[in-house]
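Per-entry structural report
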Amino acid sequence: KAGVTQTPRYLIKTRGQQVTLSCSPISGHRSVSWYQQTPGQGLQFLFEYFSETQRNKGNFPGRFSGRQFSNSRSEMNVSTLELGDSALYLCASSPKIAGGPADTQYFGPGTRLTVL
Amino acid sequence: GQSLEQPSEVTAVEGAIVQINCTYQTSGFYGLSWYQQHDGGAPTFLSYNGLDGLEETGRFSSFLSRSDSYGYLLLQELQMKDSASYFCAVSGNTPLVFGKGTRLSVIA
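Let me begin by describing the structure that accompanies this report. On a predicted model such as this, the values are computed, not experimentally measured, just so you know.

**Brief notes about the overall build of chain B**
- Helices and strands together make up the secondary structure of chain B, namely zero helices and 11 strands.
- The N-to-C order of helical and strand elements in chain B reads β-β-β-β-β-β-β-β-β-β-β.
- Its C-alpha radius of gyration of 13 Å places chain B within 12% of the 13 Å reference for a compact globule of 108 residues.
- Out of the 108 residues in chain B, the part that is buried amounts to 46%.
- Partitioning the contacts of chain B with sequence separation of at least 6, the portion at a separation of at least 24 is 57%.
- As displayed, chain B offers around 5000 Å² of accessible surface, 48% of which is attributable to carbon and sulfur atoms.
- Here chain B contributes 5 positive and 10 negative side-chain charges, whose respective centroids are spaced 6 Å apart.

Next comes the structure, spelled out in structure tokens:
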């Protein structure tokens, strides 16, 4: 099976702009989660989608949003970009809803976002 | 809330054994997972402990003590390619919560 794919891999934006990142999960996986990774902060959970519904949301401002399509592909959007949004954004898919035993996440390569 | 503590950096010699500890505080605990991430790469799943005790997968082993809210990842016969960041993660009633990661440097 093909792994999780993310596009684009690298992105440079300026403050105030908005950005949309895309994620295609492993075939058959219905859960897609998004994480923000910054040096020293590890992986911070953004949100999880399952069957087109947001199931869980992390502690991030409303500028961060996402959605999932009927084919399980997901997008996340960040509006009014700030310098602090510079990070690696990782998408992960799982065959089951997040939470519970053996919640194994399969990660994509990430999108490196730089905000200038 | 949930929180995990793991050392930020560990250095070990090629061929040696290294242990990376993880302590956690959480509600609705199901199990502890470990992920490996090389520089520039994506995190990849290494192991999962749902019950107390040791799980072994080749050179890697992972241990869990639920009563102590503690686990560790043991890497044996260290190789240079093991240089990476290692994250523990807790499965509970909420999505996976990750620790901040331990950067392992393997030196000759």
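**Regarding the state of the cysteines**
All names here are of chain A.
- This model, assessed by the stated rule, comprises two disulfides over all chains.
- With its sulfur 1.8 Å from that of its partner, Cys-23 forms a disulfide with Cys-91. Taking the sign of the torsion about the S-S bond as the criterion, the disulfide between Cys-23 and Cys-91, at about -55°, is left-handed. Taken together, the residues span a long stretch of sequence, with Cys-23 in strand S3 (residues 19-24) and Cys-91 in strand S9 (residues 87-94) at a distance of 68 residues.

**Brief notes about the environment of Gln-76 of chain B**
All names here are of chain B.
- For Gln-76, the location among the structural elements is in the loop between strand S8 (70-75) and strand S9 (84-91).
- Residues Gln-76 and Ser-61, spaced 15 residues apart in sequence, show a C-alpha to C-alpha distance of 8.3 Å.
- Ignoring anything within four residues of it in the chain, the contact list for Gln-76 reads Ala-16, Ile-17, Arg-59 and Ser-61.

**What to know about the sheet that holds strand S1 (residues 3-5) of chain B**
Residue and element names in this part refer to chain B.
- The sheet built from five strands is open, its strands ordered S1-S3-S8-S7-S6 with antiparallel pairing. Of all strands in the sheet, those bounded by a partner on one side alone are S1 and strand S6 (53-57). For this sheet, the mean angle separating the axes of adjacent strands, direction not counted, is 20°.
- Direction of pairing for S6 relative to strand S7 (residues 60-65): antiparallel, over a ladder of five bridges. Across the sheet, the residue bridging to Gly-53 is Leu-64, located in S7.

**Quick word on the pattern of salt bridges**
- Within this structure, the stated rule accounts for six salt bridges over all chains.
- Arg-63 of chain A serves as the salt-bridge partner of Asp-85 of chain A, at 2.8 Å between the closest nitrogen and oxygen. With a gap of 22 residues between them, Asp-85 of chain A in the loop between strand S8 (74-78) and S9 and Arg-63 of chain A in the loop between strand S6 (53-57) and strand S7 (64-68) connect regions that are remote in the sequence. Residues Asp-85 of chain A and Arg-63 of chain A agree in their burial class; the two are buried.
- Between Arg-59 of chain B and Asp-82 of chain B there is a salt bridge; the shortest N-O distance is 2.8 Å. Highlighted residues: Arg-59 of chain B in the loop between S6 and S7 and Asp-82 of chain B in the loop between S8 and S9, separated in sequence by 23 residues.
- Judged by relative accessible area, which is 2%, Asp-82 of chain B ranks as buried.
- Salt bridges sharing common partners tie together Arg-63, Glu-82 and Asp-85 of chain A.

Calculation criteria
- Residues numbered from 1 in each chain as written.
- Chains lettered and ligands numbered in written order.
- Predicted model: local features only at pLDDT ≥ 70, side-chain atom pairs only at ≥ 80, totals over all residues.
- Heavy atoms only, no water.
- Helix = DSSP H or I, 4+ residues; strand = E, 2+ residues; numbered from the N terminus.
- Rg over C-alpha atoms; globule rule 2.2 N^0.38 Å.
- Buried < 20%, exposed > 50% of the residue type's maximum accessible area, 1.4 Å probe, protein only.
- Contact = heavy atoms within 4.5 Å.
- Areas by Shrake-Rupley, 256 points an atom, 1.4 Å probe, with all protein chains shown as cover.
- Lys, Arg positive; Asp, Glu negative; His and termini not counted.
- Charge placed at Lys NZ, Arg CZ, Asp CG, Glu CD.
- Disulfide = S-S within 2.5 Å.
- Pairing = 2+ DSSP bridges.
- Axes fitted to C-alpha atoms, helices over the stretch in contact; angles between N-to-C directions.
- Salt bridge = Lys/Arg side-chain N within 4 Å of Asp/Glu carboxyl O.

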